[in-house]
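Spelled out, the chains give:
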Amino acid sequence: MGYLNDKGVTYDYFESLAFQQMLKEKGIVQFLSLLKIFGKFQLHEHQFEHLSDPNLKQVQTKMQLFWGDEFEGHVIKLYDDQKLALLNPNTSGLFQSLGEEQQKKLPFVILPEFGAWMIELTPNKPYQCMCFNFDQVLINMRKRIQTLQSYLPQGNQYLLIPVYPMMGVGRFTTTVESDLTASMIEKIRSQTSYIEGTPTLQQDEKQFQNEKLIQPATPYKELPVEPICNYFSQSIYFDDRIINPHPRYSTLAQNIRLRRGSKVEIKIPLYIDQNTKIEQSEYEPNPGYITMDHMGFGMGNCALQTTYLSIDIDHARLLYDQLAVLAPLFAALTSGSPIYKGKLSNWDTKWDCLEMSVDCRSEYERNPKHPNYIPKSRYSSISYFISNDKMNLEEYNDLNFPANEEIMQFAKQKAKEMEIPLDDKLLRHLGILFLRDNMVMFKDKIHIDDNTAHFEAIQSSNWNSVRFKPPPSYNSKIGWRVEFRTMEIQLTAEENAAWSIMILMIVRLFFTNLIPVNFYMPLSLVDENMRRSKEKGAILNQKFYFRTNFQEYGPAVIEELYLKEIFFGKQDGSFIGIIGLIYQNRNIVSKQQCAQKEEYIYQKNKKLQDEVIEFVKSKVYGNTKTLATWMRDFVISHPNYNQDSIVTHEINYDLIKTLTSIKDRQKEDPHFPLIFSM
C-alpha cells in the first residue's frame, strides 16, 4: 500500500491543512515533469517474421514488455488444544530475523502491509509479457508461499484468504508483544495535537503501561477479552496496536477519521438465516447489518493485484480504460469474502468494505443534496476514461464526476509554462485524483520536491479499480504502467497463478493490432456491474452489462449477460465471448513471438492457457465453487452452526484448519483442483 520509504513524525489532518494546496501544486509539477521526460518514451521496437504463415506480412511488435503480481496473506496462529485460530500481529520479528542481505537472496520480495499480521509477497524480477514460460508464474508463486511458510514459527500459517472471519470479535489476535506496544507509545509521543475525545499523552502512556485500556464491544464471552487501545481510530472493536508500526498507517487511520469528522462506518448486509436475531446493540448498532468502525476492517484484507508495463503513455491510457470495464467481472470471478466480524454476510466480495473503510469524505461531501457532493470514496471504481483513442467516445464518460477545478487550472497554466502538451482527458484525470487530500504528511519532507513523493502521496492513496502509473522517478528505466486491482486473493498458488494468467491473456490482446478489441461502454454501467459483483452467488446468478460488438469501433451494443456468456459466448454463436478473442489472437501472436526461441515454449504455453481456460469455465458454469461460496457452505453445514448467522471461534478454527489442509494439499477437495498438469 504505497511507499514505505519515509519514516518520521507526521502531521495530523488539521495541521496538514496549512500545506495541502502547496503540496498538491508540487505534486502536479512533479507529474508534469515526468510527462516532459517520458511523454514520448516508447519501448524498443523489433520485428519478427510470422513463421506460422510466411505469406502474411511481417508484424511489428514492441518488446521488453514486463508485468508482475503482488499478493498479501494473513499470519494465523493455530491453537489445536483450544480450537482457536487467531491473527498473529507479531510478524516484525520475521523481518528482523531475515535481515536485508538474506532477503536480497530470495527470488521474491517480502513486504509489510497495513496489519501487523499481514505479509505481502512480490517476485523480485518481473515476468516478460509476450514470450516467456507461463509456468514461471506458478513456480514463483509456489516458491514464495512455501518459503515464507518455512520462516514462520511452528503453529503459524500463512493463509491466503481475503478476510479473516473473526476480525473485531472480542479477542481475535494473539497477545500483542511489547515491541508493538512500545512502538505505539512512540507514535503517540510524536503527536503534537490534542485529538478530541482521547486521553492526554501522559494518561495514554500510563494506560499502556498498566494495560488499563478501553473495554471493547463483544458479542459473546467465548474468550477472555483484553482491553484495547483506540487512540487513532476510536474503534470499539479493533486494537490500534495491531496496525503496522510504520507511521503511514496509524496516521491514515487517524486522519481519515479527522477529515471525515467521525469514525468510518462500514455496514454490510447480514445473511438472514432461520434463527438470525435482528436487534440493536452496542455491538451491532444497525439492525440487519454487520457494522465495523476501523480502517483495518478493509485495509486488513488481502488481494491479488497485477501490473503491466505499456508500450507508451497512449497505450497505458487505453489499457487503463479497457481493464476498468473488466474490473467488476474479475471481482465476481474471484469472490472470497462472505464473513465479516464473526457473521455471515449477504455479500461475496470485500470491495465495498474497502471503500467504506477509508471513506474520508466529510458529512457534506457524502450528502447527495449538497453542492460539494462527491459520489465515491477515495477507494472506488474509476470515474473517468482517459484515453484519446478513437474508440473512447464522449458518451462513455457519463458520470459527470466532480474534479478539483482549481488544481486543473493550475496544471493547465503550469503545463503551458513548461511547454508540455496536456490534453483535456489527462487534465481531468489529474483533477479527479487531486480532488482528494494528502492524508499522510511527514514533517521533514514538506519542502523536499526533487522527487515524485508529493505526486505519489495523492496517487497511491487513490485506491481505484485500476491505476494509471507513470514512471516512478525522473531517472527511471521503467515506463508507463497499469495496475489491475479488483481480484480477491485465492487459497492456492494454482488459483492465483490461473487468474493472473487469465487477465494477462486479455491484456496481451492490446499489445498487437492484429484483431480489433473494444470493451468501451458507459461508465455508469461499469459502476452498476461493480454493484452487482458483490452479491451472493454473483458469478452464477447475476447478469452484467457487456459490449457484444467488441470488435467494432462505433457505438456500443450492450446486453446483460451471465459471466459464462461474457467469457464463452452465446450458445447460438452470435457472440464469441472473451475466450473467443483469445483464441483468435493467440495463434498469431504466441507462435510469432516465441519462434526465435524453441517450439516447446509455444506448445507448453498453449497447454497452460488451455488449462487456465478450463479452470475459468469450471467456475462460471458452477462446476467448482468460488472461495466465498465454499466458505459460506462450510459454515452453514458445520455441526455447531445454529442457523443464526454467527461464526463462533470453534467454527472459525475448523474453517481455517480445513483451508490450511487444502492449501497444503493434505486434504483433497474438488473445488480446489490441481489446475496445471506440470
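Residues numbered from 1 in each chain as written. Predicted model: local features only at pLDDT ≥ 70, side-chain atom pairs only at ≥ 80, totals over all residues. Heavy atoms only, no water.

Per an unreviewed UniProt entry, the chain is named Glutamate--cysteine ligase, and its organism is Paramecium primaurelia. The heading Pathway (unreviewed entry) in the UniProt record of the chain holds the text "Sulfur metabolism; glutathione biosynthesis; glutathione from L-cysteine and L-glutamate: step 1/2." Regarding the chain, the relevant UniProt record gives this comment under Sequence similarities (unreviewed entry): "Belongs to the glutamate--cysteine ligase type 3 family." (UniProt positions renumbered as here; feature names shortened; annotations may be inferred.)

Q: Lay out the overall build of the chain in plain terms, naming residues and giving numbers.
A: A count of helices and strands for the chain gives 21 helices and 19 strands. Long-range contacts, defined as pairs at least 24 residues apart, comprise 75% of the intrachain contacts of the chain with a sequence gap of at least 6. (Helix = DSSP H or I, 4+ residues; strand = E, 2+ residues; numbered from the N terminus. Contact = heavy atoms within 4.5 Å.)

Q: Tell me what's going on with helix H3 (residues 92-104), and back it up with residues and numbers.
A: Counted at 1.5 Å a residue, the expected span for H3 with its 13 residues is 18 Å, and the 17 Å between its end C-alpha atoms agrees. If you look at H3, its biggest bend is around 70°, right at leucine 98. Residues of H3 that are buried include every one of Leu94, Phe95, Leu98 and Gln103, and no others. Those residues of H3 that are buried are in contact with strand E5 (108-112), strand E6 (118-123) and helix H4 (135-151). (Expected span 1.5 Å × (residues − 1). Bend = angle between axes of the 7 residues up to and from the residue. Buried < 20%, exposed > 50% of the residue type's maximum accessible area, 1.4 Å probe, protein only.)

Q: So, the packing of H4 against helix H14 (residues 493-507): which residues are in play, and what are the values?
A: Running from N to C, H4 and H14 cross one another at 140°; their axes reach a closest spacing of 9 Å. Remark: the crossing between H4 and H14 carries right-handed chirality. Here Val137, Leu138, Met141, Arg142 and Ile145 of H4 come into contact with H14, specifically with Ala493, Glu494, Asn496, Ala497, Ser500 and Ile501. (Axes fitted to C-alpha atoms, helices over the stretch in contact; angles between N-to-C directions. Left-handed = near helix turned anticlockwise from the far one by under 90°.)

Q: Outline the pattern of salt bridges, listing residues and values.
A: Per the counting criterion, the structure on display carries 31 salt bridges. When the shortest N-O distance is used, the salt bridge between aspartate 80 and lysine 657 registers 3.2 Å. Of the two residues, aspartate 80 sits in the loop between strand E3 (66-79) and strand E4 (84-87) while lysine 657 sits in helix H21 (residues 649-663), which places them 577 residues apart along the sequence. Looking at lysine 657, the relative accessible area reads 32%, which means it is partly exposed. Between arginine 532 and glutamate 560 there is a salt bridge, with the nearest N and O atoms lying 2.8 Å from each other. A residue pair is termed long-range when its members are at least 10 positions apart, and arginine 532 in helix H15 (residues 523-533) and glutamate 560 in strand E19 (residues 558-562) qualify at 28 residues. What makes arginine 532 buried here is its relative accessible area of 15%. Exposure remark for glutamate 560: the relative accessible area of 36% places this residue in the partly exposed category. Shared partners join several salt bridges into a network, and the residues in it are Lys24, Arg259, Glu365 and Asp437. (Salt bridge = Lys/Arg side-chain N within 4 Å of Asp/Glu carboxyl O.)

Q: I'd like a description of the confidence of the model for the chain, backed by residues and values.
A: Taken residue by residue, the chain gives an average pLDDT of 88. The fraction at 70 or more is 88%. For residues 45-63, every residue scores under 50 in pLDDT, and the model assigns this stretch 36 contacts once sequence neighbours within four places are set aside. (pLDDT = per-residue confidence, 0-100.)

Q: Explain the nonpolar core residue by residue, including any values.
A: In terms of nonpolar packing, the biggest core is built from 198 residues, with Phe330, Ile506 and Phe519 touching the most fellow members. Beyond its immediate sequence surroundings of up to four residues, isoleucine 506 is in contact with Leu326, Phe330, Phe519, Phe567, Ile578 and Ile582. If you look at the next biggest cluster of nonpolar residues, it comprises five residues, including Tyr11, Phe19, Leu23 and Ile446. (Core = buried A, V, L, I, M, F, W, Y, C linked by side-chain atoms within 4.5 Å.)

Q: Requested: an account of unusual backbone geometry, with residues and values cited.
A: Look at lysine 83: it is not a glycine, yet its phi comes out positive at around 55°. Relative to the helices and strands, lysine 83 resides in the loop between E3 and E4. Positive phi is not limited to glycine here, since lysine 341 has a value of about 50°.

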